[in-house]
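# Survey of secondary and tertiary structure
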Amino acid sequence: MSKLIAFAAIQGGYKVVSQVEGELEKALQTYDASTKVGFPNTAYYLPVIYSLTGLKVETLEDLKKPMAFARGLLPPHIKLKTWLPYLGPLLDAGMAGIISYEIKEALRYLYEPDFYIAQEDPDVENGKIWVGAADDTILRKRGVEFVDGSAPGFAAMVGAAPNKEIAKMIVEDYQKRSLYIFCAANHNGKTLIQQCLDAGMQIGWNTRIVPFGPDISSAVFALGFANRAAMAFGGVQPGDFKTILKYNKERVFAFVNALGDVGTEWGVAAAGCVNWGFPTIADTEIPEILPTGICTYEHVVAPVAHEDMVQKSVEVRGLKVQVADIDIPCAFGPAYEGERVRGADLYAQCGGGKTQCTELVKMADMSEIEDGKINLVGPDLDGIKEGGTFPLGIFVQIAGREFQEDFEPIMERQIHHLINYIQSIMHIGQRDISWVRISKAAIEKGFTLKDIGVVLHAKFHQDFGKIVDKVQVTLYTNPEDVDKMTATARENYQLRDARVDNMKDEDVETYYSCTLCQSFAPSHVCSVSPERTGLCGAYNWMDCKAAFEINPTGPNQPIEKGECVDPKLGQWKGVNDFIYKASRGAVTHYNFYSMVVDPMTTCGCCECIAAMLPGCNGVMTVGRDYSGDTPCGMKFTTLAGVMGGGACSPGFVGHSKHNITQGKFILGDGGLLRMVWMPKMLKDELKDRIVARGEEMGVPGLFDMIADETVGITEEEILPFLKEKGHPALTMESLV
Amino acid sequence: MAESKKEKAPKVCDPKEASIDLGTQELLARAQKMGIDTVFDRAVNMKPCAIGMQGICCKNCSMGPCRLPLPKGGIEGEDNRKGLCGATANTIAARNFIRMIAGGASAHSDHGRCVAEVFLSAARKETTAYQIKDTEKLIAMAPHLGVATTVEVDGETKDREIDEIALEVAEVAIREWGKPEGELLYLKRAPKPLYEKWKKQGVLPRNIDREIVEIMHRTHMGVDQDYKNLMKQGTRAALADGWGGSMLATDLQDVLFGTPYPLQSEANLGIMKEDHVNIIVHGHEPILSEVIVAVAQSQEMLDYAASKGAKGIQLGGICCTANEMLQRHGIPTAATFLQQELAIITGACDAMVVDIQCIMQNLANVAKCFHTKLITTHPIAKMEQDNVIHIEFDEHHALEDAKRIVKMSIDNFANRGADVMIPPYKTKQVAGFGVESIQYHLGGTFRGTYYTLNDNIINGRIRGIAGVVGCNNARTKHNDGHIKVVKELIKNDVIVLTTGCNAIACAMEGLLTPESAAVHCGPGLAEICETVGIPPVLHLGSCVDNSRILLAATEVVKAGGLGNDICDLPAAGSAPEWMSEKAISIGHYFVASGVYTVFGVTLPTSGAPVFHDYISKEMEKIYGGKWDLEVDPIKHAHLMIAHIDKKRKELGIDKARERVMMDMASRQALEA
């Protein structure tokens, strides 16, 4: 009966609010009211509170308002007879509980700054298994997976399974379906995370099993993640709670699994989650709420047998997930992409500087190859001793009526993540610097090298069916064969690079749009040209072209450039017409080659954001994995918050890493020669290309003229350095 | 029924046949024993006029009354009936019908005007008894009257002063009754297609009063003699009631006295207490009752009551005053329209305070048999009998007037006779629903939306929505029609919105308790009631509050998934025991807003079959709604259910909804 749930959850609400009020009171007595509180590296303050109320909590004092707000939400208790309506009160009590839990976690960060380990993967050996709130770097990196669909949703799991085998069964099933598993709370002291560890599973953001925290309050991190996605990718304004929550109901496919007895404190959290449209599926006998409305389908379903839990959960949430059905002995899916094969687990490896490991995809004639044929030339793993190394050549031939030579590199790039998707196999690198590590676990399950061929054949057909008719895979493990193949591969790489790198915007009449992120950012439209890769870094012009060929009605559509409005700033009539329509009239025009004058719009997925530094007459750029301060006065995450969401923001532009050294990068504003500051990490990553591009632009020493955080993080700090190095920006015409 | 053998002795009713309510039956027996006649007995003795009932008696000039009864075998061939001037049966029935609309619309709208006047005094701060209480509602309604709620100060948008908003709202609102040009401002609150329909038909009301005046003109001898054209004006006046006078009355009352939120109370005459001073407030306007409530609950009066030997003061309401006091303060409901005399017959009613509408003149005769003070309070509603006390109530002296009334009631406690009989029947009820509170309860502060309701209509748990409203009528068994219709609807998973005396009848039957859902509802509706914690029948207030049903229907349309207009909704209206002209006005504004509306008892149109067909068939093509008549309550409910099913089919929600599993492509296709 819903009444019992309402009764319990409202009680839970009172309990949690009172308890946290006490903790806050105590904190205010212990610390000065101006003491800073907050979660690490985020521009969204305490994200649930900020997103729903617009309140920016920065100090202990600031916690009073949301605390009072939570108290104000608590409804009267439910009468046992002739009761008043309780659905609205129940949801309000739930929200009061969630807000209190977020305050509780903020206080935990204050009291025990080292309770959580602020990194993607926990430090299990040192007992630091809880990672706490996801910072904005993780949010953006992982958020993109939600945006592009490689993570269809998340399961917020509280409590613990009856034993580690059941825990493993459920969690692995979610992994296979590519969902994230956000874990919090304990059941009688047992946690699902500990059970996963006991079952030998790797936990952390990289395997999608996220150990948020051991208490029910830590579940609030899942909601903070979801609401930040609404703000960062959906462009929803903080304080617009209706839109934030509706966004979550419609676009964030999450749900709660309650494993263990649901007491009032879990009850209030579950009621809170219903506000998000996230239903609860429990393994214990609790009252069900089946009518629809706040959630898309049922609100509470119980009791569900453990073996049915995963299927029932995705069904209740209305989520369709494809499980790749590939005939190999190991599990397969994106959740295993981040899994590592550590030294102790290693059975054998190839590449990685120890042996040669090369990958090559070539177009073949239809009559030349046999679909599904997988040739292993040389010994398989059973011929290699534990701890051994071997060379490997992966040669894939594809034939198809619609297949083009231009698609070869696109298909080849898939090899990295496809091999990584195999459980207990790790893949690093690409082309002739690949590295494959095979764990003992995989060998135990019966993994052979041929399985790599099985995966590539199956996935190429599955994902690229429109252009792929036949796939044949040959795997070489004899050193001389691998060397021979590597030589051929290198010739191919060179030809390809020359073709792509030399491709100019002027060479084509058609650009491509990318609205892939419209699942999350409904009004944003990217335009991709040969010299302006998509700002997320994932799609270049060729990718978009191929994507269009593969799926003509998909998110990548051709844009006829049409008449050139401004060759210097990069503006075309055809593009303007397209974006006007695709943005539903919100954006009338933009420039490809300028960040000063009407730059291209930016969504929350961008890899880097460039900003003007007027004091240096130049620009800086910062990547999303750099969490420090920058000379423009804003961290990446603040910048993204300011200018994401599909708006045109002169003075700023989002772009990919790769774009920095492309020929047209802010060329209308002076190009790469304007670049005066980059984070060291990014600069080093692009070193060769920056050097080359600098030479091309007539400034051979450009790389060393660009300041980084070791020089300074304010304009004043870096200006003397720029002067000393004679940075070209200083003598260029005024930027503004 | 037992025929009296004594000559000349009037017949009396059989209490068991007169009402389904036990307390009513017992009090009727008591009245008969005491030789007091009630409306139930008079109904046995006086038959209704058969020609008047058919709607074909014209007394609009002194050449008549012209009576055009239907031939016994019905009309064969051409209908040649006509009055002296040549008026056809259709003309006569249509004139009479829209004069009833005029009567009903003026009752609601004059009530509304009184409220607007008090509101203006409050906004001008000319009275201390009334204040602007619900500022949230004020800010919500202001834009519909074109009143700004923000101001620009140095290029910055700021909240406007509440007092300023209130004053402008008051001034704009009061002009709606008589403004010289334009159209009623609230019409635009209706779904756009409905507004456009009205516009196309030329029935947008210009101001509230004018449409009533024009009815009186057009029905004068020798003016409008085309039933279709007459009905156009009837429509215009009815819309001026529902979307004008009534809606303004509701909104302004909410701002003055607070928007209702769900609360617990009790119903039926059993709420009267033998050891308390019992004050029964009867009528319609909350202007009076609000102040009585405040005064009766004051310590001063409680002390005074104690000094007179009473344990307290028990307030109770009858008719819509009951509903107004209930919705906002949880004051228990004493009785329906037909029980008003019985409240005095308990012998425990120390004062009955009345204002306007539905007050039987016979109350004075009954009061003569007891100690009860019958107090009239409104300048437009007095009684000729000399035992009636008139204390005129005006907003500038409201507190003093109310104190005088309450004090007089307390003083009268000592005069109570020994022979008191309060029937021991009362039921619990949950009332206080409204457009705002329903929205809140469908998802709370953060997710409250009518879509939750729509979703469950679409998935079939709720089959449809019914508005069941209206009076009691002594020509049918008291409350029998109300309860049978409502129970049949909820049994078939139709959720019921109720007002007026239907609401009181449902309360007396226990249908306004959340517990009743599990007992009386179909499985789908029962599950929804269980989930939300609501009764299957939602009490939306008094008869002017039928405007809340119009707005709730509009919210349902806006929430999406169930068409674009009220006439697309799987919904129907009903007044099973109607009697007043107000019911005709309400019925017609529902029809003209697109609602299929079924009346019980009778319709004054049967003598003019062509006209009857026009309003019960043709009208659907014009407005999407139409009239119907069905006396049998179960058939009555099934006519409504059949209409609901028809609409479900048209919407394509007559089959089980499929579970859509969203993949990435379907997510990308989501609208922004």
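Residues numbered from 1 in each chain as written. Chains lettered and ligands numbered in written order. Predicted model: local features only at pLDDT ≥ 70, side-chain atom pairs only at ≥ 80, totals over all residues.

### Here we look at the overall build of chain B
In terms of helices and strands, chain B carries 28 helices and 18 strands. What you see for chain B is a C-alpha radius of gyration of 25 Å, in line with the 26 Å of a compact globule of 672 residues. C-alpha extents for chain B along the principal axes are approximately 80 × 70 × 55 Å. Across the 672 residues of chain B, 60% fall into the buried class. Taking the contacts inside chain B whose residues are at least 6 apart along the sequence as the reference set, 75% of them involve residues at least 24 apart. (Helix = DSSP H or I, 4+ residues; strand = E, 2+ residues; numbered from the N terminus. Rg over C-alpha atoms; globule rule 2.2 N^0.38 Å. Buried ≥ 20, exposed ≤ 12 C-beta atoms within 10 Å, placed from the backbone. Contact = placed C-beta atoms within 7 Å.)

### Brief notes about the overall build of chain A
Along the backbone of chain A there are 22 helices and 23 strands. For 736 residues, the compact-globule formula gives about 27 Å, and the C-alpha radius of gyration of chain A, at 27 Å, lands near that figure. Taking all 736 residues of chain A together, 56% fall into the buried category. Sequence separation of at least 24 residues holds for 74% of the intrachain contacts in chain A that already meet a minimum separation of 6.

### Observations regarding the interface of chain B and chain A
Quite often, the size of an interface is put as the accessible area lost when its parts meet. Facing the 37 residues of chain B at the interface are 39 residues of chain A. Secondary structure elements with two or more residues in the side of chain B that touches chain A: β5 (263–267), β12 (427–431), α17 (435–441), α18 (444–447), α19 (451–458), α23 (523–532) and α28 (664–668) of chain B. If you tally residues by element for the side of chain B that touches chain A, the top one is α23(B), at five residues.

### Points about the sheet that holds strand β15 (residues 537–539) of chain B
Residue and element names in this part refer to chain B. The strand order β15-β14-β13-β16-β17-β18 describes an open sheet built from six strands, whose pairing is parallel. The open sheet has two edge strands with one neighbour each: β15 and β18 (627–629). Neighbouring strand axes in the sheet, compared pairwise and without regard to direction, differ in orientation by 25 degrees on average. Sheet topology note: the strand β17 (residues 596–599)/β18 ladder contains three bridges and is parallel. (Pairing = 2+ DSSP bridges. Axes fitted to C-alpha atoms, helices over the stretch in contact; angles between N-to-C directions.)

### Looking at the environment of B:C506
By the secondary structure assignment, B:C506 is in helix α21 (residues 500–508). For the pair B:C506 and B:K82, spaced 424 residues apart in sequence, the C-alpha to C-alpha distance is 44 Å.

### Thoughts on the sheet that holds strand β15 (residues 510–514) of chain A
Residues and elements named next belong to chain A. The three strands are arranged β16-β15-β17 in an open sheet whose pairing can be described as antiparallel. The sheet terminates laterally at β16 (526–528) and β17 (558–560), the two strands that pair on one side only. Across the sheet, the mean angle separating the axes of adjacent strands is 40 degrees when strand polarity is ignored. Alignment of β15 against β16, held across three bridges, turns out to be antiparallel. Its bridge partner lying in β16, S513 is registered against S527. Against the sheet, helix α16 (residues 541–550) engages β15, β16 and β17, with an angle of about 80 degrees to β15.

### So, helix α17 (residues 573–582) of chain A
All names here are of chain A. Those residues of α17 that sit buried are V575, F578, I579 and A582. Viewed along the axis of α17, the buried residues span an arc of 90 degrees, placing them on a single side of the element. Next to the buried residues of α17 lie β15, β16, β17 and β19 (571–572). Backbone geometry just downstream of α17 places R584 in the positive-phi region, at approximately 55 degrees. (Arc of directions from axis to C-beta.)

### Topic: the pairing of β12(B)
In regular strands, side chains alternate between the two faces of the sheet. Residue and element names in this part refer to chain B. Along β12, four of the five residues are buried, which leaves the element largely enclosed by surrounding structure. Sheet topology note: the β5/β12 ladder contains five bridges and is antiparallel. Bridge pairing links S265 to Q429 in β12.

### Considering the packing of helix α4 (residues 87–111) of chain A against helix α10 (residues 264–274) of chain A
All names here are of chain A. Taken N-terminus to C-terminus, the directions of α4 and α10 make an angle of 105 degrees; their axes are 7 Å apart at the nearest point. With respect to α10, the axis of α4 lies roughly perpendicular. Contacts between α4 and α10 involve L90, L91, A93, G94, M95, G97, I98 and Y101 on the former and, on the latter, V268, A269, A271, G272 and V274. Looking at the contact of α4 with α10 residue by residue, the class counts come to 10 nonpolar, three polar and no charged. (Parallel < 35°, antiparallel > 145°, perpendicular 65-115°, else oblique. Nonpolar A, V, L, I, M, F, W, Y, C, P; charged D, E, K, R; others polar.)

### Focus on the packing of helix α20 (residues 480–491) of chain B against α21(B)
All names here are of chain B. Across the interface, α20 lies against α21 with an axial gap of 9 Å and an inter-helix angle of 75 degrees. As summarised for this structure, α20 and α21 are arranged roughly perpendicular, according to the angle between their axes. Contacts between α20 and α21 pair H482, I483 and V486 from the former with N502, A505 and C506 from the latter. The residue inventory of the contact of α20 with α21, partitioned by class, reads four nonpolar, two polar and no charged.

### So, the confidence of the model for chain A
If pLDDT is low for a region, its predicted coordinates should not be looked at in detail. Counting all residues, the mean pLDDT for chain A is 91, and 99% of those residues have values of 70 or more. In the model of chain A, helix α18 (residues 636–643) of chain A stands out as the element of lowest mean pLDDT, 80, in contrast to helix α3 (residues 64–73) of chain A, which has the highest, 98. (pLDDT = per-residue confidence, 0-100.)

### Describing the domain arrangement of chain B
Residues and elements named next belong to chain B. Examined at the domain level, chain B breaks down into domain 1 (89–256), domain 2 (269–413) and domain 3 (431–651). A separation of 23 Å is found between the C-alpha centroids of domain 1 and domain 3. Contacts between the two partners involve 36 residues from domain 1 and, on the opposite side, 34 residues from domain 3. Mapped by element, the contributors of at least two residues to the side of domain 1 that touches domain 3 are α5 (89–123), α8 (192–201) and α10 (227–257). Element by element, the count of residues in the side of domain 1 that touches domain 3 is highest for α5, at 15 residues. In terms of residue class, the side of domain 1 that touches domain 3 is built from 19 nonpolar, 13 polar and four charged. (Domains from an automatic or database assignment.)

### Overview of the environment of A:K81
In this structure, A:K81 sits in the loop between α3 and α4. Separated by 51 residues in the primary sequence, A:K81 and A:T30 have C-alpha atoms spaced 45 Å apart.

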